[in-house]
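Commentary on secondary and tertiary structure
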Protein chains: 2
Amino acid sequence: MVEKPKWDMTSDIHKYPKPSVTVDIVIFTVQNDELRVLLVKRKADLKKGEWALPGGFIRLDESLEESAKRILEQKTGVKDVYLEQLYTFGDPFRDSRGRVITVAYFALIDSEKMKIKPTEEVADAQWFSVYNYPPLAFDHKKVLDYSLTRLRSKLEYTTVGFQLLPQKFTLTELQKLYEVILAKTLDKRNFRKKIASLNLVEQTKETKMEGVHRPARLYKFKSKKFLLESDVV
Amino acid sequence: MVEKPKWDMTSDIHKYPKPSVTVDIVIFTVQNDELRVLLVKRKADLKKGEWALPGGFIRLDESLEESAKRILEQKTGVKDVYLEQLYTFGDPFRDSRGRVITVAYFALIDSEKMKIKPTEEVADAQWFSVYNYPPLAFDHKKVLDYSLTRLRSKLEYTTVGFQLLPQKFTLTELQKLYEVILAKTLDKRNFRKKIASLNLVEQTKETKMEGVHRPARLYKFKSKKFLLESDVV
DNA sequence: CCAAAAGTGTTAGTGATACACCCATGT
DNA sequence: ACATGGGTGTATCACTAACACTTTTGG
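This structure is a prediction, so every number in the text was calculated from the model and none was measured.

Criteria and thresholds
Residues numbered from 1 in each chain as written. Chains lettered and ligands numbered in written order. Predicted model: local features only at pLDDT ≥ 70, side-chain atom pairs only at ≥ 80, totals over all residues. Heavy atoms only, no water. Helix = DSSP H or I, 4+ residues; strand = E, 2+ residues; numbered from the N terminus. Buried < 20%, exposed > 50% of the residue type's maximum accessible area, 1.4 Å probe, protein only. Pairing = 2+ DSSP bridges. Phe/Tyr/Trp six-rings, centres within 6.5 Å; stacked < 30°, edge-to-face > 60°. Contact = heavy atoms within 4.5 Å. Buried area = accessible area lost by both parts, 1.4 Å probe. Salt bridge = Lys/Arg side-chain N within 4 Å of Asp/Glu carboxyl O. Polar contact = N/O pair within 3.5 Å; in protein donor to acceptor, adjacent residues only side chain to side chain. Nonpolar A, V, L, I, M, F, W, Y, C, P; charged D, E, K, R; others polar. Near = heavy atom within 4 Å. Axes fitted to C-alpha atoms, helices over the stretch in contact; angles between N-to-C directions. Parallel < 35°, antiparallel > 145°, perpendicular 65-115°, else oblique. Left-handed = near helix turned anticlockwise from the far one by under 90°. Expected span 1.5 Å × (residues − 1). Domains from an automatic or database assignment.

The next point concerns the overall build of chain A. Counting secondary structure elements, chain A contains four helices and 10 strands. When the helices and strands of chain A are read in sequence order from the N terminus, they spell out β-β-β-β-α-β-β-β-α-β-α-α-β-β. Summarising its shape, the C-alpha atoms of chain A cover approximately 65 × 40 × 30 Å along the three principal directions. Counting only residues that meet the buried cut, chain A has 50% of its 233 residues in that class.

In structure tokens, the structure reads:
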């Protein structure tokens, strides 16, 4: 058992007024060809019953990212997700209860893991289309808008999108994912050429049969050790 | 005189432990063909005499950006700068005095304004080359490294670089600026073609004579109203 | 007329876009 | 044999990269 390190609580810094600090998480998934975001119904004193992004107060002995992971798991039951710090929102009156600064994270989870059953505690978490969701508490609409913009732009120059798919996927599924997030259609041949040029995915020997047509080949991401320096990751 | 709005200090949220929150600013300029960052010598109890990024505790009644502006002016005398939120650092033990979360901002100032004389209070502020600066307090090296990366990448796809030049400038100065920040040389003809294609700058009728050679034409940024939708800003 | 930086065009290569038909399967 | 989505190649265009000489000025 490691003893918790302590701070110097006699320091002058404790004379400065302290704000409350929360972490809010915008978690996306793609389901039924829709980009969706997870929202929870608030139980706290203020804005009870309103929908909001999952969030909570940080603990002093955990890093911001640890807070984000803990809160996400507590509130939604989801674990092992791609997580990235988004922006810190600190308007003085964004919360009438006090000065509350929130560090927003954005997270992606694949459509398989997403199906995890909500536990008792998270009965009030629900996925909403990003084009059709209820009014949100606080400045959470602003946070959501901002993270949508970020997701779209990161999709173009990184491979975050892969986080939203299961381990094995067809190229059509991958393309559909891009189309859904970017809200535009893409050319099939050009899309496949692009993906091939990235050198990030490889064929498996399996195919996926769905419906009455030619089965689609399943692909997977190359394991790290087979990626070259020059490959974009 | 507007009365200050108040918060509900009886709310449960005040039962959660609160961290200290600071703002730290990484402010860059280009001077003598070097990319430089402003550092201050600490006067506070802890780490007195060590160099650090200018920073300070937020006030509860100002936004994070207002805090950043106030602190920057207090500590360095500089005003009216380009300012952008960078990242929020919150490792639990980054400061031994207590749990301190810092919202880092990154700022750019042109080489003219930069010459402002330091006031009494800011006597201990100094510009350092980003390749040669003293050891920094806390995790400020990490913050600085991160903002350098951000500056470089933003330089490639935005026009932030323009913030580092005075109103009127020669194309060679602009190119030098890019070269200094990116730490690589650029082709003169290609650079000029690129700038021309952006449609953001226009010739003035003035030239700049410096030394014994052909005078260079001065350029300025087009005023907003002459920019077309299609022009990258 | 010399030194020094300003200024200017063309070509080759690379990546993006537009576009239409055949393939494999289940019924 | 047909309906359905899977899978493939080529031509054009736009952008990037490489490269060298002439111009203007002060001394």
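As a further point, take the sheet that holds strand β8 (residues 169–170) of chain B. All names here are of chain B. Taken in spatial order, the three strands line up as β8-β10-β9 in an open sheet, and their pairing is antiparallel. Looking at the sheet topology across the chains shown, the edges are occupied by β8 and β9 (201–208). Bridge analysis of β8 against strand β10 (residues 216–221) gives two bridges, and the strand direction is antiparallel. For phenylalanine 169, the partnering residue across the bridge sits in β10 and is tyrosine 219.

Our focus in this paragraph is the packing of aromatic side chains. The tally for this structure, following the rule as stated, stands at 22 aromatic pairs over all chains. Pairing phenylalanine 89 of chain B with tyrosine 146 of chain B gives two aromatic rings, centres 6.2 Å apart and planes at 90°, and the pair type is edge-to-face. A residue pair is termed long-range when its members are at least 10 positions apart, and phenylalanine 89 of chain B in strand β5 (residues 82–89) and tyrosine 146 of chain B in helix α2 (residues 140–157) qualify at 57 residues. Here a set of aromatic residues connected by ring pairs shows up, and it is made of Phe28, Tyr82 and Phe106 of chain A.

We now examine the interface of chain B and chain A. Contacts between the two partners involve 39 residues from chain B and, on the opposite side, 39 residues from chain A. For the pair chain B and chain A, the two sides together bury roughly 3400 Å², of which 65% comes from carbon and sulfur. Between the two partners, chain B and chain A, sit zero salt bridges. For the interface between chain B and chain A, the tally reads 13 residue pairs in polar contact (both at pLDDT 80 or more). Those elements that place two or more of their residues in the side of chain B that touches chain A are β1 (20–31), β5 and β6 (100–108) of chain B. The leading source of residues in the side of chain B that touches chain A is β5 of chain B, at four residues. Tallied by class, residues from the side of chain B that touches chain A come to 19 nonpolar, nine polar and 11 charged.

Before going further, it helps to examine the protein's contact with DNA strand D. Neighbouring DNA strand D are 20 residues, the closest being Lys188, Lys193, His213 and Arg217 of chain A together with Arg214 of chain B. Looking at DNA strand D alone, sugar and phosphate atoms form 38% of those within 4 Å of the protein. Within the side chain of lysine 193 of chain A, one N or O atom sits 2.6 Å away from a base oxygen of DNA strand D. Between valine 212 of chain A and DNA strand D, the recorded distance is 3.1 Å, taken from a backbone N or O atom to a base oxygen. For the surface near DNA strand D, the elements supplying multiple residues, two or more each, are α4 (188–198) and β10 (216–221) of chain A together with α4 (188–198) of chain B.

Time to look at the packing of α2 of chain B against helix α3 (residues 171–182) of chain B. Residue and element names in this part refer to chain B. One way to put it is that α2 packs onto α3 with a least axis distance of 10 Å and a crossing angle of 140°. Considered as vectors, α2 and α3 are oriented oblique to each other. Helix-helix and strand crossings are classified by hand; for α2 and α3 the assignment is left-handed. Facing Leu151, Arg152, Leu155 and Glu156 of α2, the residues of α3 in contact are Tyr178, Ile181 and Leu182. For the contact of α2 with α3, the per-class residue count stands at five nonpolar, no polar and two charged.

The subject of this paragraph is helix α3 (residues 171–182) of chain A. All names here are of chain A. An ideal rise of 1.5 Å per residue puts 16 Å on 12 residues; α3 measures up with 16 Å between its terminal C-alpha atoms. Burial within α3 is extensive, with nine of its 12 residues counted as buried. Looking only at α3, the buried set comprises Leu171, Leu174, Gln175, Leu177, Tyr178, Glu179, Val180, Ile181 and Leu182. In this structure, the buried residues of α3 make contact with β1 (20–31), β2 (34–41), α2 (140–157), β8 (169–170), α4 and β10. With its phi angle positive at about 55°, alanine 183 sits one or two positions after the end of α3.

This next bit is on the domain arrangement of chain A. Residues and elements named next belong to chain A. The domains assigned to chain A are domain 1 (16–141) and domain 2 (160–226). Taken together, the contact between domain 1 and domain 2 spans 13 residues of the former and 10 residues of the latter. In total, about 970 Å² of surface goes out of reach between domain 1 and domain 2, with carbon and sulfur atoms giving 73% of it. Considering only the surface of domain 1 that becomes buried against domain 2, Val30, Asp33 and Leu108 emerge as the three largest contributors, covering 41% of it. Taken together, the connections running from domain 1 to domain 2 amount to zero salt bridges. Along the contact surface separating domain 1 from domain 2 lie one residue pair in polar contact (both at pLDDT 80 or more). Of all the elements in the fold, those that place two or more residues in the side of domain 1 that touches domain 2 are β1 and β2. Per element, the largest residue contribution to the side of domain 1 that touches domain 2 is three residues, and it comes from β1. Here the side of domain 1 that touches domain 2 is built from residues that sort into seven nonpolar, two polar and four charged.

In the neighbourhood of DNA strand C, 21 residues make up the surrounding shell, with Asn190 of chain A together with Thr172, Lys188, Lys193 and Arg217 of chain B lying closest. Near the protein, within 4 Å, the atoms of DNA strand C are sugar or phosphate in 40% of cases. The separation between a phosphate oxygen of DNA strand C and a polar side-chain atom of lysine 194 of chain A is 3.4 Å. Side-chain polar atom of lysine 193 of chain B to a base oxygen of DNA strand C: 2.7 Å apart, as the coordinates give it.

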